[in-house]
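# Descriptive analysis of the structure
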Amino acid sequence: MKITNEARDIIQEALKEQNCDSIALTIKESEHGYGLAMELVSKKDADRVIDVNGVNVVMDMDTEMALLATTFGAENGELVLQNEGGCGSGGCAGCSGCH
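Residues numbered from 1 in each chain as written. Predicted model: local features only at pLDDT ≥ 70, side-chain atom pairs only at ≥ 80, totals over all residues. Heavy atoms only, no water.

The next thing to look at is the side chain of Asn 56. Tracing the backbone shows Asn 56 in strand S5 (residues 55-58). Within the structure, the side chain of Asn 56 is placed 3.2 Å from the backbone oxygen of Asp 21, a separation counted as a polar contact. Excluding residues within four positions of it along the chain, Asn 56 makes contact with Asp 21, Ser 22, Ile 23, Lys 43, Val 49, Ile 50 and Asp 51. (Helix = DSSP H or I, 4+ residues; strand = E, 2+ residues; numbered from the N terminus. Polar contact = N/O pair within 3.5 Å; in protein donor to acceptor, adjacent residues only side chain to side chain. Contact = heavy atoms within 4.5 Å.)

A separate point is the sheet that holds strand S1 (residues 2-3). Pairing is mixed across the open sheet formed by 3 strands, whose spatial order is S1-S6-S7. Of all the strands in the sheet, the pair left with one neighbour each is S1 and strand S7 (78-83). Examined bridge by bridge, strand S6 (residues 70-75) and S7 share 6 bridges and lie antiparallel to one another. When the sheet's bridge partners are listed, Thr 70 is paired in S7 with Asn 83. Contacting S1, S6 and S7, helix H1 (residues 5-17) crosses the sheet at an angle of about 75 degrees to S6. (Pairing = 2+ DSSP bridges. Axes fitted to C-alpha atoms, helices over the stretch in contact; angles between N-to-C directions.)

If you want it as structure tokens, here you go:
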């Protein structure tokens with residue numbers, strides 16, 4: 001998983017506004033397949049935290065593996081997710097996941 005500098009700035013500003021220090025990422029299953037859930041949180045000692053371009057990311061190993069080919073970027077001041085491997089690459093459940 002990568003976070004561009006532009007996306008990092010957007011995330012850090014949101015964390016500051018909400019008085020949080022991390023984003024928590026989880027893969028959620030729904031009736032439409034799998035999707036990515038993101039939440040602003042304050043990390044706990046027991047959390048598995050990874051630093052990605054200066055952003056504390058709380059996620060389990062399964063989520064990390066699913067997001068290997070995913071980049072958090074920014075377009076017009078908003079976060080966007082890009083799967084570098086395209087459909088079927090495994091990142092965030094391929095075509096049915098994060099677009």
